[in-house]
Amino acid sequence: MWLLQVPPKLSTPFLNGHGHGFTLFSKPNSALAQPHWAPACSVPQIKAMKTMQGKVVCSTSDKTVAVEVVRVAVHPKYKRRFRKKKKYQAHDPDNQFKVGDIVQLQKTRPISKTKTFLAVPAPQRPSNRPSQPDAQPDELSIPFESQPQP
């Protein structure tokens, strides 16, 4: 019987289920119902806004586009990189995006059961091509052998 006795130093109010501070018959707004262990002030959690970029694959629904996002993952065993695709439903309030457009997805509040992203036009990437389409000369500076030289 001496094994079942708890010394007074180790006794805790949580033994036998009496540690919650209120009974079944106490009022919920009573002082005993408030937990005494709650912090005085709580700091709100800061979540990073998730943005992704993808291609519109379906725009038949009203104010909704399906965007396919491609990402590169590494295989855990073979260490080979491969592409993973996933489709997201995004909100398009003005129906401005067509199939093939590149859009950026911004995380927002849930708009419907499957829509939690807002489709935004993606910023244009700089290209390596010349900006002028007529940059190529019509004639080569070196004449062909078949052409007579002046």
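What you see is a predicted model, and the numbers here were worked out from it, not measured in a lab.

**Student:** What is the right way to read the sheet that holds strand E2 (residues 64-74) from this model?
**Tutor:** Within a sheet, each strand pairs with its neighbour through backbone hydrogen bonds, oriented either parallel or antiparallel. Strands sit in the order E1-E2-E3-E5-E4 around a closed barrel of five strands; the barrel is mixed. Neighbour-to-neighbour, the strand axes of the sheet open up by a mean angle of 50 degrees, direction not taken into account. Summarising the sheet, strand E3 (residues 81-91) and strand E5 (residues 115-121) pair through three bridges and their orientation is parallel. Counted as the bridge partner of glutamine 89 is lysine 115 from E5.

**Student:** Please clarify how the packing of aromatic side chains should be interpreted in this entry.
**Tutor:** The relative placement of two aromatic rings is captured by the distance of their centres and the angle of their planes. Taken as a whole, this structure holds one aromatic pair when the rule is applied. With 5.3 Å between their ring centres and 70 degrees between their planes, tyrosine 88 and phenylalanine 117 make a pair best called edge-to-face. Taken together, the residues span a long stretch of sequence, with tyrosine 88 in strand E3 and phenylalanine 117 in strand E5 at a distance of 29 residues. Taking the ring centre of phenylalanine 117 as reference, the NZ or CZ of lysine 107 above it sits at 5.1 Å.

**Student:** Please clarify how the environment of threonine 51 should be interpreted in this entry.
**Tutor:** With respect to the helices and strands, threonine 51 occurs in strand E1 (residues 51-58). A sequence separation of 56 residues divides threonine 51 from lysine 107, and the C-alpha atoms of the two residues are 6.4 Å apart.

**Student:** Sorry, what's going on with the pairing of E2 here?
**Tutor:** A regular strand places its side chains on the two faces of the sheet in alternate fashion. Pairing of E1 with E2, which is carried by three bridges, proceeds in the antiparallel orientation. The residue of E2 that forms the bridge with lysine 55 is glutamate 68. One ladder, built from 11 bridges, connects E2 with E3; its direction is antiparallel. Residue pairing in the sheet places glutamate 68 in a bridge with lysine 87 of E3. Linking two consecutive strands that pair antiparallel, namely E2 and E3, is a turn of six residues; a positive phi of about 60 degrees is found at lysine 79 within it.

**Student:** Where do I start with the confidence of the model for the chain in this structure?
**Tutor:** Note: predicted coordinates in regions of low pLDDT should not be interpreted at a detailed level. Averaged over every residue, the pLDDT of the chain is 76; residues scoring 70 or more account for 55%. In this model, residues 37-46 is a region of pLDDT below 50 whose contacts with residues beyond four sequence positions or in other chains number zero contacts.

**Student:** Explain the nonpolar core here, please?
**Tutor:** Generally speaking, nonpolar side chains in soluble globular proteins are found buried as a group. Counting residues in each nonpolar core, the largest one holds 12 residues, listed as Met52, Val56, Val65, Val67, Val69, Tyr88, Ala90, Phe97, Val103, Leu105, Phe117 and Ala119. Put simply, the parts of the chain that give this core at least two residues each are E1, E2, E3, strand E4 (102-107) and E5. Considering each element in turn, this core owes the most residues, three residues, to E2. Leave out the neighbours within four places in its chain, and valine 69 touches Met52, Gln53, Gly54, Lys84, Lys85, Lys86, Tyr88 and Leu105.

**Student:** Teacher, can you tell me more about a positive patch on the surface here?
**Tutor:** The grouping of Lys50, Arg71, Lys84, Lys86 and Lys107 at the surface amounts to a positive patch. Inspection of the secondary structure assignment puts lysine 84 in strand E3. Residue lysine 84 is classed as partly exposed on the basis of its relative accessible area of 38%.

**Student:** How do you make sense of the pairing of E5 when you look at a structure like this?
**Tutor:** With five bridges connecting them, E4 and E5 associate as antiparallel partners. Opposite leucine 105, over in E5, you have alanine 119 as the bridge partner.

**Student:** Please clarify how the layout of surface pockets should be interpreted in this entry.
**Tutor:** Remark: the empty space left among the atoms is shown by a probe the size of a water molecule rolled over them. Of the voids in this model, the largest pocket is the one considered here, and its volume is about 180 Å³. Among the secondary structure elements, those contributing two or more residues to the lining of the largest pocket are E1 and E2. Across the lining of the largest pocket, the residue classes break down as three nonpolar, two polar and three charged.

Definitions and limits used
- Residues numbered from 1 in each chain as written.
- Predicted model: local features only at pLDDT ≥ 70, side-chain atom pairs only at ≥ 80, totals over all residues.
- Heavy atoms only, no water.
- Pairing = 2+ DSSP bridges.
- Helix = DSSP H or I, 4+ residues; strand = E, 2+ residues; numbered from the N terminus.
- Axes fitted to C-alpha atoms, helices over the stretch in contact; angles between N-to-C directions.
- Phe/Tyr/Trp six-rings, centres within 6.5 Å; stacked < 30°, edge-to-face > 60°.
- Lys NZ or Arg CZ within 6 Å of the ring centre and 35° of its normal.
- pLDDT = per-residue confidence, 0-100.
- Contact = heavy atoms within 4.5 Å.
- Core = buried A, V, L, I, M, F, W, Y, C linked by side-chain atoms within 4.5 Å.
- Buried < 20%, exposed > 50% of the residue type's maximum accessible area, 1.4 Å probe, protein only.
- Patch = residues over 30% accessible without salt bridge, like charges linked within 9 Å, V, L, I, M, F, W, Y side chains within 5 Å.
- Areas by Shrake-Rupley, 256 points an atom, 1.4 Å probe, with all protein chains shown as cover.
- Salt bridge = Lys/Arg side-chain N within 4 Å of Asp/Glu carboxyl O.
- Lys, Arg positive; Asp, Glu negative; His and termini not counted.
- Charge placed at Lys NZ, Arg CZ, Asp CG, Glu CD.
- 1 Å grid on protein atoms, 1.4 Å probe; cavity = no way out; pocket = protein on both sides within 12 Å on 5 of 7 lines; lining within 4 Å.
- Points joined across faces, edges and corners; volume = space filled by probe spheres on them.
- Nonpolar A, V, L, I, M, F, W, Y, C, P; charged D, E, K, R; others polar.

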